[in-house]
Amino acid sequence: MMRTLIGWTVGAACATVIVSGISALPVQGQDIKHERKEIESSRQQLREAYRSGDPAAIKAARENYQKARNEPSRDKHRNDAQDPK
């Protein structure tokens, strides 16, 4: 009786860990997709600024694009914290 109870408890704990791990994965993927969309949007703004020929708009769009490209993602930040060199 005790072995069955322990077996069920361990099985439930493993299932809980697996499900919680799987449910966390899509969130990271969504972050990457969001970052890519942000970079593409910044790139489009830069193209439009160049087409307009306005120096102030070009400067602002360049800064925005650089910021979007250089912002560390949450995933990269986590990996750096785990793997110090």
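Anything mentioned here points back to the structure above.
Residues numbered from 1 in each chain as written. Predicted model: local features only at pLDDT ≥ 70, side-chain atom pairs only at ≥ 80, totals over all residues. Heavy atoms only, no water.

**Student:** Looking at this structure, I do not really get the pattern of salt bridges. What am I missing?
**Tutor:** A side chain with one charge can pair with a side chain of the opposite charge if their charged atoms come near. Applying the stated criterion to the full structure yields 2 salt bridges. The partner of Arg43 in a salt bridge is Glu40, with the nearest N and O atoms 2.9 Å apart. Taken together, the residues span about one helical turn, with Arg43 and Glu40 both in helix H1 (residues 2–52) at a distance of 3 residues. Arg47 serves as the salt-bridge partner of Glu40, at 3.8 Å between the closest nitrogen and oxygen. Residue Glu40 is classed as partly exposed on the basis of its relative accessible area of 35%. In the salt-bridge network here, residues are joined through shared partners; they are Glu40, Arg43 and Arg47. (Salt bridge = Lys/Arg side-chain N within 4 Å of Asp/Glu carboxyl O. Helix = DSSP H or I, 4+ residues; strand = E, 2+ residues; numbered from the N terminus. Buried < 20%, exposed > 50% of the residue type's maximum accessible area, 1.4 Å probe, protein only.)

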